[in-house]
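# Structure assessment
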Amino acid sequence: MDPKTYKFDTLSLHAGYQPDKNGGSRQVPIYQTTSYLFDDVDHAAALFNLERGGHIYSRISNPTVGVLEERVAALEGGTAAIATSSGMAAIFLAIMTLCESGDHIVASSQVYGGTANLLRLTLPKFGINTTFVKPRDTEGFKKAIQKNTKCIFGELLGNPGNELMNMPEVADIAHNAGLPLMIDSTYQTPYLCKPFDFGADIVVHSLTKWMAGHGSSMAGIIVEGGKFNWMQNDKFPSLTKEYEGYHGLSFAEEFGPVAFTMKARAEGMRDFGPCLSPQNAWNVMQGIETLSVRMEKHCSNAEKMVEYLLAHESVAWVSHPSAPDHPDYELAKKILPKGRGSMIAFGIKGGKEAGTAFINNVKLASHLANVGDTRTLVIHPASATHSQMDEATLKFAGLSQDMIRLSVGIEDIDDIKNDFEDGFRAAKKPMLVANK
Amino acid sequence: MKFNVNNEEVFASTGGRPFDKNKPLIIFIHGSGLTHMCWVLQTRYFAFHGYSVLALDLPGHGLSGGKSLTSVEEMADWINDVIDAVGFNQTSLVGHSQGCLVALECASRYPNKIKTLSLMGGAGAIPMNPELLALAENSDPKAVDLMMDFAHGPSGHFGGHPVPGLYHLNTGSMLVQSKEIKDTLGVDFRACENYTNGFEAAKKLDLPTLSILADKDRMCRLKDGKKLADHIKGSDVHVIKNCGHMMLLEEADQTLAILKRFILDKYPIT
């Protein structure tokens, strides 16, 4: 006897939506609306008091966005989700739901440049400080925990260096300290990895990337795993104690496995307002419908590009967990059995000058500040996404001046290789000049 | 709120309002392996509309201490102890699934204390599938997956939670897995399997009784719910269409509307 609950590919298309409650519309309608009629005064009060479910105002929730939220929660194996205007908004909302002034975060040093800036520069203005630990330094996460630490945060595959955090072990460290583990799983999508299966408690995504997949729409999301016991210690009073903003409600007591999401929505969306537009939610859902087939192609193309780059005379080094010499090859096989993602970091011989020439001369690959598009993308992180970092910080974050970040698209693999040949050919010219 | 019953700490949600001994009491009793949280879309309404609410965590469940009670009869007596412990001499009972068996047995044992009875997804007996029972008693997570499958109707399987962003199946699954499966779900399923007094208890009842049933319920089928209602004098029966066993969440608004009409009529605030 086996459960007949729907599986991943089916949930990608159907989760969170009931056509019979939407006039029979087979596709999710776009509720391009700000506000929702109350039946009467009692109904209005019931919605504001969290007595009943429903929509009040699209800053708090919206029917189209709600379908996306349920869909991603279903795909991740989470209890609940809350969508935001961008991935950065999701990270900020998640941290502000957990932390107060005087609190502390332990974070992987290898994170997206925007996240690094938030943690390093912006959150200290709110009294929230971060200690960074290299992603492979598992014991370092333990040593960095302080009395006022409220979570461990990291990207499973670090941006841009592709160093893999040992998520199960870091999760144990977090849980032994009574802390949740928050993972930015943008690079993986739930198709490649469900972080809740490896001990994560909160997952955040930039849906702008592979989930939406087509480079058309900004969106982010927080997903709650539902397993973390907020009441095990006194570290999270805003979740466990009486909350003045809702008649003395204790989110953890009242909502248990969805407490974090309920607080993020009731407080964070109400007060900060980083809401997602219904049109963008709909666009993201179009992407999610084909997530499995796209991710398969992204990953197979990426593995072919790894082979190509490893054999190329112009390439100094390649970092991708599918490469047998990658330090995290074995761990990646365990955590990412369906594919290691489509982000490749490689070093070009000739350093920054050659890298610049390469990027200026590829034509199919797009030079821009995004990843996870269906199209192949390249960037030189040290001069773009991570340009606010000084040399020492770059090194600590695993970056080098010769590094090129490649987000492999789903074009024909021969066309991508041919394009790269043009880039490498152009990159050799300054090297020849330098050798004279 | 937390209080003591038989020297064990008990947790009950009061629906977001302070517990008030001067308001009529409604006690909500959850189903197998679940907790007070499954009632959140009913309890808060009554708490904000003049009632004192206790959505209990049964012993060994959720935030309550102690060990799970092993029979429906014990649970029924424990509900009586709860009523005494909070200083009331009468209450209205609302049960879901196994909670219906408990409410039914309690009302037949303590007719002077129970003023109305509301049964959701109930039946006179809930015999367990032997394979499911064995899985639960062995703490196999597959028991929870099967329960979530059986407990939700076709629409619930897709989602459509009334609270934006929540996903039915995974939320239910986490509620059940908040404690060791064999210690809660396993014990509860065995208690349901062993309980045989449902129809006899039903015949004894002489109080306003409401049955809310669902046409796509695969845990306690509609015909079994109706059979129980037929044994209860004057039972008021409502059937929610295109809904599974978890009607209190799958169709929370409809469930609340029916319950509200019944409670306000039969158990009004005086």
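Procedures and definitions
Residues numbered from 1 in each chain as written. Chains lettered and ligands numbered in written order. Predicted model: local features only at pLDDT ≥ 70, side-chain atom pairs only at ≥ 80, totals over all residues. Heavy atoms only, no water. Salt bridge = Lys/Arg side-chain N within 4 Å of Asp/Glu carboxyl O. Helix = DSSP H or I, 4+ residues; strand = E, 2+ residues; numbered from the N terminus. Buried < 20%, exposed > 50% of the residue type's maximum accessible area, 1.4 Å probe, protein only. Pairing = 2+ DSSP bridges. Contact = heavy atoms within 4.5 Å. Axes fitted to C-alpha atoms, helices over the stretch in contact; angles between N-to-C directions. Disulfide = S-S within 2.5 Å. Polar contact = N/O pair within 3.5 Å; in protein donor to acceptor, adjacent residues only side chain to side chain. pLDDT = per-residue confidence, 0-100.

### Some remarks on the pattern of salt bridges
Residue and element names in this part refer to chain B. Counted by the stated rule, this structure contains 26 salt bridges over all chains. Close ionic contact of Lys-233 with Asp-206 constitutes a salt bridge, the shortest N to O distance being 3.2 Å. Taken as a pair, Lys-233 in the loop between helix H10 (222-230) and strand E8 (236-240) and Asp-206 in the loop between helix H9 (198-204) and strand E7 (209-214) lie far apart in primary sequence, 27 residues in all. The same class applies to Lys-233 as to Asp-206, namely exposed.

### Focus on the sheet that holds strand E10 (residues 366-367) of chain A
All names here are of chain A. Taking strand neighbours across the sheet as the criterion, the 5 strands line up as E8-E9-E12-E11-E10 in an open arrangement whose pairing is mixed. Every interior strand has two partners, whereas the edge strands, strand E8 (315-319) and E10, have only one. Here strand E11 (residues 377-379) pairs with strand E12 (residues 403-407) via 3 bridges, running antiparallel. Looking across to E12, one finds that Val-378 is bridged to Leu-406. Contacts between helix H13 (residues 291-310) and the sheet are confined to E8, strand E9 (343-348) and E12, with E9 contributing the most and set at about 10 degrees to the helix. Of the strands in this sheet, E9, E10, E11 and E12 touch helix H15 (residues 351-361), which is tilted by about 125 degrees from E9.

### Remarks on the sheet that holds strand E2 (residues 8-13) of chain B
Residue and element names in this part refer to chain B. The sheet built from 8 strands is open, its strands ordered E1-E2-E4-E3-E5-E6-E7-E8 with mixed pairing. The open sheet has two edge strands, strand E1 (2-5) and E8, and neither has a second partner. The mean angle between the axes of side-by-side strands here comes to 25 degrees, regardless of whether they run parallel or antiparallel. The pairing of E1 with E2 spans 4 bridges and is antiparallel.

### Remarks on the state of the cysteines
Applying the stated criterion across every chain yields a total of 0 disulfides over all chains. Of all cysteine sulfurs, the one in Cys99(A) lies closest to Cys151(A), which takes part in no disulfide; the gap is 5.4 Å. We note that Cys220(B) lacks a disulfide partner, and the nearest cysteine sulfur, in Cys100(B), lies 7.2 Å from it.

### Description of the side chain of Ser217(A)
All names here are of chain A. Its location among the elements puts Ser-217 in the loop between strand E6 (202-206) and strand E7 (220-224). Assessed through its relative accessible area of 3%, Ser-217 is described here as buried. Among the polar contacts made by the side chain of Ser-217, one reaches the side chain of Ser-216 at a distance of 3.0 Å. Reaching out from Ser-217, the side chain makes a polar contact with the side chain of Asn-283 at a distance of 2.9 Å. The residues contacting Ser-217, other than those within four sequence positions of it, are Thr-208, Asn-280 and Asn-283.

### Quick word on the confidence of the model for chain B
Chain-level pLDDT for chain B is 96 on average; 100% of the residues reach the 70-or-more range. Two summary scores accompany this predicted model of the complex, namely pTM at 0.95 and ipTM at 0.95.

### A few points about the pairing of E9(A)
Residue and element names in this part refer to chain A. Among the 6 residues that make up E9, 6 are buried, leaving the element largely enclosed by the rest of the structure. Residues Met-343, Ala-345 and Gly-347 point to one face of E9 and Ile-344, Phe-346 and Ile-348 to the other, with burial holding for every one of them. Pairing of E8 with E9, which is carried by 4 bridges, proceeds in the antiparallel orientation. Paired with Val-315 across the two strands is Ile-348, which belongs to E9. Pairing of E9 with E12 involves 5 bridges; the strand directions are antiparallel. Bridged to Ala-345 within E12 is Arg-405.

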